[in-house]
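Chain by chain, the residues run as shown.
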Amino acid sequence: MRWQWTIDDGEFVRDVVLDADPDTAIELVAEALDLPLATLAPGAEPDSAAADRAPTSGSILPLRNWQPDLPEIAVRFRSGPLSGQVVALSGDSFSIGRAEHCTIQLPDPAVSREQATVRVGTDSITLTVAESASPVRLNGKPIGTEPVAVQADDLIELGASVLSIGGFASAPADVWRDGSGDLAFNRPSRIQPSSPAHRVDLPGPKPEAQDKAPVPWAMATIPVLMAGVLAYITRQPTMLLMTAVSPAMVFFNYRTQSKTTQKRGKTDLQKWREAVSRSGRQIQDITESERRTSWRLLPDPATVREICRRPDNRLWERRRADPDALAIRLGVAELPVPVRLDGQPAVPDAAPPVMSPAPVAVDLGQVGVLGIAGQPAEIQALGRWTLLQLAALRSPLDLRLVVLCERAAARSWEWLRWLPHCRSDVPNAPVALIGNTE
């Protein structure tokens, strides 16, 4: 068996690797590490088997009563310069801004010195943007200076940062100590959200107003003239009655048709407005649903951190056959909404719907090779994030990580030795598959 531990004696910190038979007495293991037995395995009998009493791999010796920092209310930076950081909150009010006196200080020139204030109530959290502060967007929409209620999964855009405020919905992972020096994990079944084909019928252009029909003067005057001629020829004055009845009938019919046309025009306009409102609501609902689904399937650094530290039952949730098995999240951007729009829009040349901020991902299974260019620090940061999300979302049973780097960069990748994905199945193999020599 192989164990990996970190020993911190108060003066020096060193990492050790121990290969030993599972039945080796724990007292002999303590002697090999030059540690008191009580430090290595408190309360253990000297002849106890190391497989039963030795600390699990990854432990820090001497053992401490360590618990992960899992705050109930926190600010989680989900994208931007502070991506992945989680700041616990205490009290019922705190400030966000660039100034040093702010509770949450953002070193971002695009953020105002005093950007916003957050108040935490018994059952609600409100965000208030300061007067004359930089623009703030909530779930992709600008907000004003009035207090706005926020939920834990709402996305708040401040300058270059995307953050959320609230708790973290978590289901603890089923973890127990196995007989190989590690922790065993019962990975639950994964139920992926459905992917319906969204379709919206557009209302088309605004119906044109009905032109007002001209007064039928010819129809009104011709019968009058004819009645006058007949009355003159027949010498019957009663014919003159037609001069009054006929125009009255013509004007009555004209008035009735005009009212009918106006009523039909108002009805068509009302139906069009209802169709505009209905299609707008449908697009908004689809946009919000797709945005939340994308953030769920492509978790951000803060969420991945929570999944690993708790650990959460989403650990290693992706299977080899899943469509997102090798999907890598690289950042956020404004992306088109996956919806089919039938018909013509209400406004000519209307822009297609977009969702923002939305995760940008690349599928390693499709591209095969991913190249990252930029400054060395940025390249390493994005490289670490790429490997971390793979290690958090894929099981080491079906994913192997191998790192090839320059010798000068070796220390930047030493943290990978703690990942089971970098271990070899060959006996007496290196601790991790990290190469920096020819």
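Everything that follows concerns the structure shown earlier in this document.
What counts and how
- Residues numbered from 1 in each chain as written.
- Predicted model: local features only at pLDDT ≥ 70, side-chain atom pairs only at ≥ 80, totals over all residues.
- Heavy atoms only, no water.
- Helix = DSSP H or I, 4+ residues; strand = E, 2+ residues; numbered from the N terminus.
- Buried < 20%, exposed > 50% of the residue type's maximum accessible area, 1.4 Å probe, protein only.
- Contact = heavy atoms within 4.5 Å.
- Areas by Shrake-Rupley, 256 points an atom, 1.4 Å probe, with all protein chains shown as cover.
- Patch = residues over 30% accessible without salt bridge, like charges linked within 9 Å, V, L, I, M, F, W, Y side chains within 5 Å.
- Salt bridge = Lys/Arg side-chain N within 4 Å of Asp/Glu carboxyl O.
- Lys, Arg positive; Asp, Glu negative; His and termini not counted.
- Charge placed at Lys NZ, Arg CZ, Asp CG, Glu CD.
- Polar contact = N/O pair within 3.5 Å; in protein donor to acceptor, adjacent residues only side chain to side chain.
- Phe/Tyr/Trp six-rings, centres within 6.5 Å; stacked < 30°, edge-to-face > 60°.
- Lys NZ or Arg CZ within 6 Å of the ring centre and 35° of its normal.
- Expected span 1.5 Å × (residues − 1).
- Axes fitted to C-alpha atoms, helices over the stretch in contact; angles between N-to-C directions.
- Parallel < 35°, antiparallel > 145°, perpendicular 65-115°, else oblique.
- Left-handed = near helix turned anticlockwise from the far one by under 90°.
- Nonpolar A, V, L, I, M, F, W, Y, C, P; charged D, E, K, R; others polar.

A. Representation of the overall build of the chain in the model. Within the chain, the secondary structure is distributed over eight helices and 22 strands. Among the 438 residues that make up the chain, the fraction classed as buried is 37%. Partitioning the intrachain contacts of the chain with sequence separation of at least 6 by distance along the chain shows that 60% fall at a separation of at least 24. Surface exposure of the chain reaches about 26,100 Å², of which carbon and sulfur atoms provide 55%.

B. Geometry of a negative patch on the surface. Residues Glu27, Glu31, Glu45 and Asp47 make up a contiguous surface patch of negative charge. Counting through the fold element by element, Glu45 comes out in the loop between helix 2 (37–40) and helix 3 (50–53).

C. Here's a closer look at helix 6 (residues 301–309). For helix 6, the set of buried residues is Pro301, Ala302, Thr303, Val304, Glu306 and Ile307. Buried residues belonging to helix 6 abut strand 4 (74–79), strand 5 (86–88) and helix 8 (376–393). Where helix 6 begins, the capping side chain belongs to Asp300, and its oxygen is found 3.1 Å from the backbone nitrogen of Ala302.

D. Inspection of the pattern of salt bridges at higher detail. According to the stated counting rule, one finds 20 salt bridges in the structure shown. One salt bridge connects Asp324 with Arg190, and the closest N-O pair in it is separated by 2.8 Å. A residue pair is termed long-range when its members are at least 10 positions apart, and Asp324 in the loop between helix 6 and strand 18 (327–336) and Arg190 in the loop between strand 16 (183–186) and strand 17 (198–201) qualify at 134 residues. Residue Asp324 is classed as buried on the basis of its relative accessible area, which comes to 9%. In this structure, Asp201 and Arg199 form a salt bridge, with 2.9 Å as the shortest nitrogen-oxygen distance. Under the relative-accessibility criterion, Asp201 is labelled partly exposed at 44%. Through salt bridges with shared partners, a single ionic network connects Arg190, Arg314, Glu317, Arg318, Asp322 and Asp324.

E. Quick peek at the packing of aromatic side chains. Inspection of the entire model under this criterion finds two aromatic pairs. Centre to centre, the rings of Trp3 and Trp5 are 6.0 Å apart; their planes meet at 25 degrees, and the pair counts as stacked. Aromatic side chains Phe185 and Trp316 sit 5.8 Å apart centroid to centroid with 65 degrees between the ring planes, which places their arrangement in the edge-to-face category. In this pair, Phe185 is assigned in strand 16 and Trp316 in the loop between helix 6 and strand 18, connecting sequence segments 131 residues apart. You'll find Phe185 and Trp316 in the same group, each marked buried. It is Arg329 that lies over the ring of Trp295; its NZ or CZ is 4.2 Å from the centre.

F. Highlighting helix 8. Over its 18 residues, helix 8 extends 26 Å from the first C-alpha to the last, a length consistent with the 26 Å expected when each residue adds 1.5 Å. Listed as buried for helix 8 are Gly383, Trp385, Thr386, Leu387, Gln389, Leu390, Ala391, Ala392 and Leu393. For helix 8, the elements touching its buried residues are helix 6, strand 18, helix 7 (364–367) and strand 21 (403–404).

G. Spatial organisation of the packing of helix 6 against helix 8. At a closest axis distance of 10 Å, the pairing of helix 6 and helix 8 adopts a crossing angle of 45 degrees. Classified by the angle their axes make, helix 6 and helix 8 are oblique. Two packed elements cross with a definite hand, and for helix 6 against helix 8 that hand is left-handed. Side by side, helix 6 and helix 8 meet where Pro301, Val304 and Cys308 of the first sit next to Trp385, Leu388 and Ala392 of the second. Broken down by class, the residue content of the contact of helix 6 with helix 8 amounts to six nonpolar, no polar and no charged.

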